[in-house]
Amino acid sequence: PSPELARVIDHLQGLAAEVGAAVDIEGARRVQIDSATAPALRDFDADVFPVRVADVPCEWLLASGADPDRRLLYIHGGGWTSGSLDSHRPLSARLSAATGCAVLAADYRLAPEHPYPAGLDDCLDCYGWLHENGPAGAGPVRSI
């Protein structure tokens, strides 16, 4: 890192040492991203159904009139390092309304705790599962 960034990191680590905690810059950034979307979290119109695919927390979003046999896997942005179901729920719900599909949103593992390709592997598992499972349970997909 640059000398300026190194000084900031050293300062933060010194503060953390005073309170006996490790500096979690990545975690703090994720909290900031999620809290920035908090006002929009209530601004969507879709039913939400939590589900686990293998070890991946996911949720189905089903807007009014969406066909549960037409399915879309939504992989949120964030460069494999940030984002969550919470931060992208309004967009996932709007995708369901716009496409008429049931949307499966995946809360894949994030780097650096889970280095690439862990998040991609989670998404591939979800994509395979999506072919045989919908919001109401097991059932083949009509279109994906």
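Presented here is an overview of the structure given in this document. (Residues numbered from 1 in each chain as written. Predicted model: local features only at pLDDT ≥ 70, side-chain atom pairs only at ≥ 80, totals over all residues. Heavy atoms only, no water.)

**Re the overall build of the chain**
Within the chain one finds four helices and six strands. Counted from the first residue to the last, the chain has its helices and strands arranged as α-α-β-β-β-α-β-α-β-β. Counting only residues that meet the buried cut, the chain has 34% of its 144 residues in that class. Here the analysis covers contacts within the chain between residues at least 6 apart in sequence; of these, 68% occur between residues at least 24 apart. As displayed, the chain has an accessible area near 8100 Å², and 59% of this comes from carbon and sulfur atoms. (Helix = DSSP H or I, 4+ residues; strand = E, 2+ residues; numbered from the N terminus. Buried < 20%, exposed > 50% of the residue type's maximum accessible area, 1.4 Å probe, protein only. Contact = heavy atoms within 4.5 Å. Areas by Shrake-Rupley, 256 points an atom, 1.4 Å probe, with all protein chains shown as cover.)

**Digging into the nonpolar core**
In terms of nonpolar packing, the biggest core is built from 12 residues, these being V53, V56, C58, W60, L62, A66, L73, A102, L104, A106, C126 and L130. Listed by contribution, the elements that provide at least two residues to this core are β2 (56–62), β4 (101–106) and α4 (118–130). Looking at which element gives the most residues to this core, the answer is β2, with four residues. Counting eight residues, the second-largest nonpolar core is a separate cluster that includes A46, L61, A93 and A105. (Core = buried A, V, L, I, M, F, W, Y, C linked by side-chain atoms within 4.5 Å.)

**Some words on the side chain of D122**
Residue placement: D122 occurs in helix α4. For D122, the contacting residues outside a window of four places in its chain are V56, Y108 and R109.

**Here's the deal with a nonpolar patch on the surface**
The grouping of L5, V8 and L12 at the surface amounts to a nonpolar patch, some 230 Å² of accessible area in total. Tracing the chain through its elements places L12 in helix α1 (residues 3–19). Look at L12 and you get partly exposed, because its relative accessible area is 32%. (Patch = residues over 30% accessible without salt bridge, like charges linked within 9 Å, V, L, I, M, F, W, Y side chains within 5 Å. Salt bridge = Lys/Arg side-chain N within 4 Å of Asp/Glu carboxyl O.)

**What to know about the pairing of β4**
When a strand is regular, its side chains alternate between the sheet's two faces. Counted residue by residue, β4 has six buried out of six residues, so it is predominantly covered. Here β4 shows a buried face lined by C101, V103 and A105 and a second buried face lined by A102, L104 and A106. In the sheet, strand β3 (residues 67–74) pairs with β4 via five bridges, with the strands oriented parallel. Bridging across to β4, D67 finds its partner in C101. (Pairing = 2+ DSSP bridges.)

**As for the sheet that holds β2**
In space, the four strands of this open sheet follow the order β1-β2-β4-β3, with mixed pairing throughout. Strands with a single pairing partner mark the edges of an open sheet, and in this sheet they are β1 (47–53) and β3. Strand-to-strand, the axes of this sheet are offset by a mean angle of 30°, without reference to chain direction. Two elements, β2 and β4, share four bridges in a ladder whose sense is antiparallel. Within β4, the position partnered with C58 by the bridge is A106. (Axes fitted to C-alpha atoms, helices over the stretch in contact; angles between N-to-C directions.)

**Regarding the packing of aromatic side chains**
For the structure on display, the rule yields three aromatic pairs. Arranged with centres 6.2 Å apart and planes meeting at 35°, the rings of W60 and W129 form a pair that is tilted. Separated by 69 residues along the polypeptide, W60 in strand β2 and W129 in helix α4 bring together distant segments of the chain. The buried category is assigned to W60, whose relative accessible area is 1%. What links up through ring pairs into an aromatic cluster is the set W80, Y108 and Y116. (Phe/Tyr/Trp six-rings, centres within 6.5 Å; stacked < 30°, edge-to-face > 60°.)

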